[in-house]
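Analysis of the macromolecular model
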Amino acid sequence: QVQLVESGGGLVQAGGSLRLSCAASGGTFSAMGWFRQAPGKEREFVAAISWSGMTTDYGDSVKGRFTISRDNAKNTVYLQMNSLKPEDTAVYYCATGNRVATMQARHVDYWGQGTQVTVSS
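For the structure given in this document, a descriptive report is provided here. Since we're looking at a predicted model, the values are computed, not measured. (Residues numbered from 1 in each chain as written. Predicted model: local features only at pLDDT ≥ 70, side-chain atom pairs only at ≥ 80, totals over all residues. Heavy atoms only, no water.)

1. Re the pattern of salt bridges
- Summed over the entire model, instances satisfying the criterion amount to 4 salt bridges.
- A salt bridge links Arg 36 to Asp 88; its shortest N-O distance comes to 2.9 Å. On the criterion of sequence distance, the pair formed by Arg 36 in strand 4 (residues 31-37) and Asp 88 in the loop between strand 8 (76-81) and strand 9 (90-97) is long-range, its members being 52 residues apart.
- The exposure class assigned to Arg 36 is buried, which follows from its relative accessible area of 5%. (Salt bridge = Lys/Arg side-chain N within 4 Å of Asp/Glu carboxyl O. Helix = DSSP H or I, 4+ residues; strand = E, 2+ residues; numbered from the N terminus. Buried < 20%, exposed > 50% of the residue type's maximum accessible area, 1.4 Å probe, protein only.)

2. Observations concerning the pairing of strand 3 (residues 18-25)
- Sheet topology places strand 1 (residues 3-7) next to strand 3; 5 bridges connect them, and they run antiparallel. By the bridge assignment for strand 3, Gln 3 is matched with Ser 25.
- Inspection of the sheet shows strand 3 paired to strand 8 by 6 bridges, in the antiparallel sense. Along strand 8, the bridge assignment pairs Cys 22 with Val 77. (Pairing = 2+ DSSP bridges.)

3. Some remarks on the sheet that holds strand 7 (residues 66-71)
- Ordered by their spatial adjacency, 4 strands build an open sheet running 1-3-8-7, and the pairing between neighbours is antiparallel. Looking at which strands have only one partner, the edges of the open sheet turn out to be strand 1 and strand 7. The mean inter-strand angle of the sheet, taken between neighbouring strand axes irrespective of direction, is 15°. (Axes fitted to C-alpha atoms, helices over the stretch in contact; angles between N-to-C directions.)

4. Section: the state of the cysteines
- Summed over the entire model, instances satisfying the criterion amount to 1 disulfide.
- Paired by a disulfide, Cys 22 and Cys 94 hold their sulfur atoms 2.1 Å apart. For the disulfide bridge between Cys 22 and Cys 94, the dihedral angle about the S-S bond is near -80°, and by the sign convention the bridge is left-handed. Residue Cys 22 is located in strand 3, and its partner Cys 94 is located in strand 9; the two are separated by 72 residues in the primary sequence.
- Cys 22 gets classed as buried once you look at its relative accessible area, which sits at 0%. (Disulfide = S-S within 2.5 Å.)

5. As for the environment of Ile 49
- Topologically, Ile 49 is positioned in strand 5 (residues 44-49).
- C-alpha of Ile 49 to C-alpha of Tyr 78: the two residues are 29 residues apart in sequence and 9.9 Å apart in space.
- The residues touching Ile 49, leaving out its near neighbours within four places in the chain, are Ser 30, Ala 31, Met 32, Thr 55, Thr 56, Ile 68, Ser 69, Arg 70, Val 77 and Val 100. (Contact = heavy atoms within 4.5 Å.)

6. Comments concerning the nonpolar core
- Counting 26 residues, the largest nonpolar core has Trp 34, Leu 79, Met 81 and Tyr 92 as the members making the most contacts within it.
- Contributing elements (two or more residues each) for this core: strand 3, strand 4, strand 5, strand 7, strand 8, strand 9 and strand 11 (115-120).
- Counting residues per element, this core draws most heavily on strand 3, which supplies 4 residues.
- If we ignore the near neighbours within four places in the chain, the residues touching Met 81 are Gly 16, Ser 17, Leu 18, Leu 20, Arg 65, Phe 66, Tyr 92 and Val 117.
- Within the second largest apolar cluster, 8 residues are counted, among which are Ala 31, Phe 35, Ala 95 and Met 103. (Core = buried A, V, L, I, M, F, W, Y, C linked by side-chain atoms within 4.5 Å.)

Dropping the structure here:
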């Protein structure tokens, strides 16, 4: 049974940083990534990374501020979020997929339960 468990969310002031983690179990995952969903909005692609870590992709709104990485020995993917803005406030979801290129189109195999990130102004 596949499980994705996110952690690291919380409340932070604008300009601050947070690091999200997603521990995966029950399988081997080619691509892993992060999405987010703010109240009243559609779920939005944030970032994805290939198995090797050599290929990454980011949503336009987070480029240059967020960095995705993974540790395959721990079956864990991370999202380092810097220079946070109030508009980054959302529930952040971990996800797995076959390829980085298709994850942006929400071709996702499994979702985590989400972790809340709130950025105060």
